[in-house]
Amino acid sequence: MAVDEHRAPRTTESDDARRLVKARRPGFGIGLLKGMAVTLKHLFKHNTVIQYPDEKQDLSSRTRGVIALKEENCTVCMLCARECPDWCIYIDSHKETLAPKREGGRPRKRNILDRFAIDYALCMYCGICVEVCPYDALFWSREFEYAEYDIRELTHEKEKLSDWMASVLPPPALEEGAEYPGSPTRAPEVADGAAAPVKPVQAEASDAAAGTPERRGAQAAPLGTGGRPADAGAPKEAKPDVGPVPGRQAEAAPAPEGAEPAAAEAPPVQEEEQQAAPSQEQAPGPEPTAEDHAGPGGRTETASPEVLGIQMGAEPASPSPRESTETPSPEVLGIQMGGGPAPSPGAGEDAVGAPEEAETRTPQEGPDPEEVARLQETPGPNVEVPNEEPKPTALDPTEDPKEVYEAVLSDQLAKGSSPEVAEARAKVARVKAERGIARNPGVATKEDS
Amino acid sequence: MFDITLATWQILVIKIIVILTVVPVGALVGGYAEHKVMAHLQHRLGPMYPGGFHGWATTLADGIKFLYKEDIIPAAADRKVFSLAPAAIMVPIIMTYLVIPIDRALIVEDLDVGIFYLLAVGSLSTIGLLMAGWSSANKYALIGALRSAAQLIAYELPIVLAAVVVAMLAGSLSLIDIVETQNWPFAIWPPGIGFIAFLLFTVGAVAEMTRVPFDMPVAESEIITGPFTEYSGMRYIFAHMFAEMGHMVAFGGIGATLFLGGYQPIVPIPFLDFIPGVIWFSAKTMFMIFLFLWIRPTFPRVREDQLQKFAWKFLIPVGLALVLVTGAWVLYV
Ligand code: SF4
Ligand code: SF4
């Protein structure tokens, strides 16, 4: 009896299963034929096997093959060694004292890298060290043939790591429509002038879809200062050689100014610039000088937000370049969004208007489809600038711009600034002279010299 | 054609030499074909280096490698039986080559009972497998041997039934007669009957060779090549590799002879006669071998019980019914 009871449900169950199987299969043996057809198809397909030692695969440019070290860039900050989850980076260094930069100054200290080794037997290729290095000293290389017969030999020293630098690819070109880091409206000379001013609009529109534009601005702003590794596709190679970058940016700044006489038919970019200028004038409070904001230590050399601020016509907010690099100040953001200076405590009403406009323009809840469409239709700066007649700003230049330029340049050089910084400051002074902006008494002027 | 008169023993010696070269060469070529065809079916390249051109010498290199290997006989093994088993497997396979007609005149021995001889000799290998498994003193070898024996017996029957169908259609047991009656290959005519017999034969042959999907007895992932677990070196080559490849070529030849018209052109069109029978036969044999190779990477291994059920509950009844139908066809058509 028990056996029968046990059996009864089992048979029905298997009947169900059988019915299911029957329902699923179209005919006896069809599945087998299908399987045969699949393998036969592969017989005639083009084979994609790469015969490795003879042929080499064209690896993706993002391949995590091995970590290469650009020794000149390493400042022995130890960040990579500290962040490495496996603690497989070994760094030794010693300090060297250099003569003070100018008379009466402190002697400067510098770290000299003695040993830099990565134990690839431990490394898990997480890439944190590459990400974290603030000075672009570590790179991913596509090299992968570095197996050794002994596990101890997998600890590669800096000579080997530097050799791998040769196989590091140049950074990939910016994506179509990508925003040039640092400035959505104006591309430095490095980027193709044609591509940059138009593309950002689309980038911005799609960005609005992806998240709040503020975030984007926050991301982009520090990049422009030239101190941080680029997030996506910034020209990495350019930055390590810190010197020229600020100079170039400062150079970029006056360029539109040169076109001032023709401002009436100038594109909005320049309008914005000119609007920004008077606000600078009106802004009360001590005018920051390049000298004051030279910044601590080696950071003088990297472009400080001040430089950017001046370039964009805004007033710098925080005196520490480092800080503002990490968290973009509202001013920088304001430039990004509104093109005008942002409300710093002492800023004039004129300045306050712009960011407000930016706020209304970029609602938090997401992109307005209409606006996106409009933005895509009319390429230009991402923020609409009221179509006003540009006001003449250069009322009466008090000094001769050329003379000011020469004076500041020689003065800065005499004070021990690097040529690039000196040039940048001289150019800033020249711009101010052209616009008739009174320079801070702290700065050497024609009268002083 | 030849004016040379040879004594019977001389002819015998020549025949033996020919067979003893044909079998290993066939096995080597079959092995290479297996490597390459399987690789390409699986979208790979297969061996590419040995010999230079597409790895043509792979199986040769394999064989030479095995020559160098130590011939290990387990301490607990039955030494005599253990060392004789590969021969007991290999000899029946070589013997099947004797009656396969390569061309009208190219046959070692045209027996009147050709089919009967083939089937009888074919089932002898089972004894070799049992010898190997039993004498190895290894439980995996024993399990493998028993599975092999059970499987060979089960799948011998569909082959026998398919052969019976062919013999009935041809009205003869001689393989030469069978080929000669096939104006149209039996796989095509009589419609249905011949084709089903052909399928029965193919499935049975794959199982006889213990090839995927019926490779339960050798199941290398669980019972480590079944009866040959303890074999190494040259003995392993003879017991397994050569046996499998030799078997495959032999079954290819048998299938070509019984169902595809052997050395006859595939369709009875007179102008196709200029192609020599050897080429027809080789092409058909290669097709059969390709079929076996094609099946291997396509299907997964079936379970032991499914394998037995498939033979006893499906193939054999179908075969029996087919014999009845064939009888009716021969009588009334
Ligand atoms: S990739 Fe990761 S594990 Fe390897 S050295 Fe860099 S941080 Fe350490
Ligand atoms: S993080 Fe970069 S700069 Fe700092 S020690 Fe490592 S490699 Fe050098």
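Position labels on residues start from 1 in each chain and follow its written sequence. Here the convention is simple: chains get letters from A, ligands get numbers from 1, in the order in which they are written. In view of the model being predicted, local features appear only for residues whose pLDDT reaches at least 70, and side-chain atom pairs are presented and counted only at 80 or more, with totals across whole chains, interfaces and linings using the full set of residues. In computing side-chain properties, one takes all heavy atoms of the structure into account and sets aside hydrogens as well as water.

Digging into the overall build of chain B
- Labels follow the DSSP assignment, with helices taken as runs of H or I lasting at least four residues and strands as runs of E lasting at least two, numbered in each case from the N terminus. Each helix and strand in chain B was counted, giving eleven helices and zero strands.
- Secondary structure of chain B in N-to-C order comes out as α-α-α-α-α-α-α-α-α-α-α.
- Each of the 333 residues in chain B was classed as buried or not, and the buried ones make up 53%.
- Calculation of accessible area relied on Shrake-Rupley with a 1.4 Å probe; when residues are assessed, cover is drawn exclusively from the protein chains displayed. When the accessible surface of chain B is summed, it comes to about 15700 Å², and 74% of that surface belongs to carbon and sulfur atoms. Each residue is assigned to one of three classes by its accessible area relative to the maximum for its type, calculated with a 1.4 Å probe on protein chains only: buried under 20%, partly exposed between the two thresholds, exposed over 50%.

Details of the overall build of chain A
- Each helix and strand in chain A was counted, giving 17 helices and five strands.
- The burial tally for chain A puts 41% of its 449 residues in the buried class.
- Contacts are residue-level and defined by heavy atoms, with any inter-residue pair within 4.5 Å sufficient. For chain A, the share of sequence-separated contacts (at least 6 apart) that also reach a separation of at least 24 residues comes to 70%.
- A total accessible area of about 25500 Å² is found for chain A, and carbon and sulfur atoms account for 55% of it.

Digging into the environment of Thr-210 of chain B
All names here are of chain B.
- Residue placement: Thr-210 occurs in the loop between α8 (193-208) and α9 (233-259).
- C-alpha of Thr-210 to C-alpha of Ser-148: the two residues are 62 residues apart in sequence and 7.5 Å apart in space.
- Those residues in contact with Thr-210 that lie beyond four places of it in its chain are Gln-151, Asp-215, Pro-217 and Val-218.

Details of the packing of helix α1 (residues 8-41) of chain B against helix α10 (residues 277-298) of chain B
All names here are of chain B.
- Axis lines are fitted through C-alpha atoms, for helices just across the contact stretch, and the angle between N-to-C directions can take any value from 0 to 180 degrees. Relative orientation of the contacting elements α1 and α10 amounts to 50 degrees, with a least axis distance of 9 Å. With respect to each other, α1 and α10 are oriented oblique. Considering only the axes of α1 and α10, their crossing is right-handed. Within the contact between the two elements, α1 uses Ala-33, Glu-34, Val-37, Met-38 and Leu-41 and α10 uses Phe-290, Leu-293, Trp-294, Arg-296 and Pro-297.
- Side-chain classes follow a simple rule in which Ala, Val, Leu, Ile, Met, Phe, Trp, Tyr, Cys and Pro form the nonpolar group, Asp, Glu, Lys and Arg form the charged group, and the remainder, Gly included, forms the polar group. Class assignment of the residues belonging to the contact of α1 with α10 gives a composition of eight nonpolar, no polar and two charged. For classification, angles of less than 35 degrees are called roughly parallel, those exceeding 145 degrees roughly antiparallel, those between 65 and 115 degrees roughly perpendicular, and all remaining angles oblique. Handedness of each helix crossing follows the sense of rotation of the near helix against the far helix: counterclockwise by less than a right angle gives left-handed, clockwise gives right-handed.

Some thoughts on the sheet that holds strand β5 (residues 155-156) of chain A
- Paired strands, in this sense, are two strands between which DSSP finds at least two bridges. Here we have three strands laid out as an open sheet, ordered β2-β3-β5 (chain A), and antiparallel in their pairing. With partners counted over all chains shown, the strands left at the sheet margins are β2 (89-98) and β5 of chain A, one partner each.

Let's talk about the pairing of strand β1 (residues 66-69) of chain A
Residue and element names in this part refer to chain A.
- Here β1 shows no split at all, with Val-66 and Ala-68 on one side and Ile-67 and Leu-69 on the other all buried.
- Judged from the four bridges that link them, β1 and strand β4 (residues 138-141) form a sheet pairing that is antiparallel. Along β4, the bridge assignment pairs Ala-68 with Phe-139.

Here we look at the site of ligand 2
- To be near a molecule or strand, a residue needs just one of its heavy atoms within 4 Å of it. The immediate surroundings of ligand 2 are formed by 14 residues, with Cys-74, Cys-77, Met-78, Cys-80 and Cys-133 of chain A found nearest.
- Of the residues belonging to the shell around ligand 2, the class tally is 13 nonpolar, one polar and no charged.

Let's talk about the interface of chain B and chain A
- Taken together, the contact between chain B and chain A spans 15 residues of the former and 16 residues of the latter.
- Here's the idea: put two parts together, see how much 1.4 Å probe accessible area each one loses, and the total over both is what we call buried area. Roughly 1400 Å² is buried in total at the junction of chain B and chain A, and carbon and sulfur atoms are behind 67% of that figure.
- Of all residues in chain B, Leu-41, His-43 and Trp-294 of chain B bury the most surface against chain A, accounting for 39% of the area lost on that side.
- Salt bridge, as applied in this entry: a Lys or Arg side-chain nitrogen positioned within 4 Å of an Asp or Glu carboxyl oxygen. Linking chain B with chain A are zero salt bridges.
- Whenever two N or O atoms come within 3.5 Å, that pair is a polar contact, provided that in protein one can donate a hydrogen and the other can accept it, and provided that, for residues adjacent in sequence, both atoms are side-chain atoms. Taken together, the links from chain B to chain A amount to five residue pairs in polar contact (both at pLDDT 80 or more).

Quick word on the nonpolar core
- Nonpolar cores were defined as sets of buried Ala, Val, Leu, Ile, Met, Phe, Trp, Tyr and Cys residues, with membership established by side-chain atoms within 4.5 Å. Among the nonpolar cores identified, the biggest contains 89 residues, and Ile-115, Phe-201 and Phe-259 of chain B are the most heavily contacted of them.
- Top element by residues in this core is α9 of chain B. It accounts for 14 residues.
- The contact partners of Phe-259 of chain B, leaving out residues within four places of it in the chain, are Ala-162, Val-166, Gln-182, Pro-185, Phe-186, Ala-187, Gly-194, Ala-197, Phe-198 and Phe-201 of chain B.
- The next biggest cluster of nonpolar side chains, apart from the first, holds 30 residues, and it includes Leu-69, Ala-81, Ile-91 and Cys-133 of chain A.

Focus: unusual backbone geometry
All names here are of chain A.
- A positive phi angle, close to 55 degrees, is found at Val-76, a residue other than glycine.
- The topology assignment puts Val-76 in the loop between β1 and α3 (79-83).
- Relative accessible area serves as the criterion here: at 7%, Val-76 is assigned to the buried category.
- You will see that Met-78, though not glycine, has its phi angle at about 70 degrees, which is positive.
- Within the secondary structure, Met-78 sits in the loop between β1 and α3.

Here we look at helix α3 (residues 79-96) of chain B
Residue and element names in this part refer to chain B.
- For a residue, the bend is simply the angle between two axes, fitted respectively to the seven-residue segment ending there and the seven-residue segment starting there. Of all the bends in α3, the greatest, near 30 degrees, is centred on Ala-85, and the proline Pro-86 appears no more than four residues after it.
- Those residues of α3 that fall on the buried side of the exposure criterion are Phe-82, Ala-85, Pro-86, Ile-89, Met-90, Pro-92, Ile-93, Ile-94 and Thr-96.
- Residues of α3 that are buried sit in contact with α1, α4 (114-122), α5 (125-135) and α9.

Brief notes about the packing of aromatic side chains
All names here are of chain B.
- Pairing of aromatic side chains requires ring centres within 6.5 Å, counting the rings of Phe and Tyr and the six-membered ring of Trp. Pairs whose planes differ by under 30 degrees are stacked, by over 60 edge-to-face, and all others tilted. For the structure shown, the criterion picks out 17 aromatic pairs over all chains.
- Between the aromatic rings of Phe-228 and Tyr-231, the centroid separation amounts to 6.3 Å while the plane-to-plane angle is 70 degrees, which identifies the pairing as edge-to-face.
- Given a relative accessible area of 6%, Tyr-231 falls into the buried group.
- Judged by centre distance (5.5 Å) and plane angle (15 degrees), the rings of Phe-310 and Phe-314 are stacked.

Topic: the confidence of the model for chain A
All names here are of chain A.
- The quantity known as pLDDT measures the predictor's confidence residue by residue, on a range of 0 to 100. With 43% of its residues at a pLDDT of at least 70, chain A reaches an overall mean of 63.
- Low pLDDT, under 50, characterises residues 1-9; the stretch is placed with zero contacts to residues that sit more than four places away or in other chains.
- Scored below 50 in pLDDT, residues 186-364 makes 245 contacts in the model with residues more than four places away or belonging to other chains.

Considering the environment of Ala-27 of chain B
- Take Ala-27 of chain B: it is sitting in helix α1.
- Ignoring anything within four residues of it in the chain, the contact list for Ala-27 of chain B reads Phe-242, Met-245 and Gly-246 of chain B.

Side note on helix α6 (residues 139-170) of chain B
Residues and elements named next belong to chain B.
- In this model, α6 (32 residues) spans 46 Å end to end at C-alpha, consistent with the 46 Å of a helix rising 1.5 Å per residue.
- The N-cap of α6, judged by a side-chain oxygen 2.7 Å from the amide nitrogen of Tyr-140 a few residues on, is Asn-138.
- One or two positions beyond α6, positive phi appears at Gly-171, with a value near 70 degrees. Expected span, for any helix, means 1.5 Å times one less than how many residues it has.

Brief notes about a positive patch on the surface
All names here are of chain A.
- Each patch groups residues whose relative accessible area exceeds 30% and which form no salt bridge, using 9 Å between like charges and 5 Å between nonpolar side chains of Val, Leu, Ile, Met, Phe, Trp and Tyr. The charge count includes Lys and Arg as positive and Asp and Glu as negative, but it does not include His or the ends of the chains. Lysine's charge is taken at NZ, arginine's at CZ, aspartate's at CG and glutamate's at CD. On the surface, Lys-101, Arg-102, Arg-108 and Arg-110 cluster together into a patch of positive charge.
- Position of Arg-102 among the secondary structure elements: in the loop between β2 and β3 (108-119).
- By relative accessible area, Arg-102 is classed as partly exposed at 47%.

Description of the packing of α3 of chain B against α5 of chain B
Residue and element names in this part refer to chain B.
- Put simply, α3 and α5 touch, their axes get as near as 8 Å, and they point 160 degrees apart. Classified by the interaxial angle, the pair formed by α3 and α5 is roughly antiparallel. Relative to α5, α3 is oriented so that their crossing is left-handed. Taken together, the residues of α5 that come into contact with α3 (itself represented by Val-81, Phe-82, Leu-84, Ala-85, Ala-88, Ile-89, Pro-92 and Ile-93) are Ser-125, Gly-128, Leu-129, Met-131, Ala-132 and Ser-135.
- Its residues assigned to classes, the contact of α3 with α5 shows eleven nonpolar, three polar and no charged.

A closer look at a nonpolar patch on the surface
- Judged by side-chain polarity, Phe-53, Trp-56, Leu-60, Ile-64, Leu-67 and Tyr-68 of chain B come together as a nonpolar surface patch covering roughly 740 Å² of accessible area.
- Mapped onto the secondary structure, Leu-67 of chain B falls in helix α2 (residues 58-68).

Considering the side chain of Ser-172 of chain B
Residue and element names in this part refer to chain B.
- Turning to its location among the elements, Ser-172 is positioned in the loop between α6 and α7 (175-181).
- What makes Ser-172 buried here is its relative accessible area of 15%.
- A distance of 3.0 Å separates the side chain of Ser-172 from the backbone nitrogen of Ser-174, its partner in a polar contact.
- Discounting chain neighbours no more than four positions away, the residues touching Ser-172 are Ala-167, Asp-177 and Ile-178.

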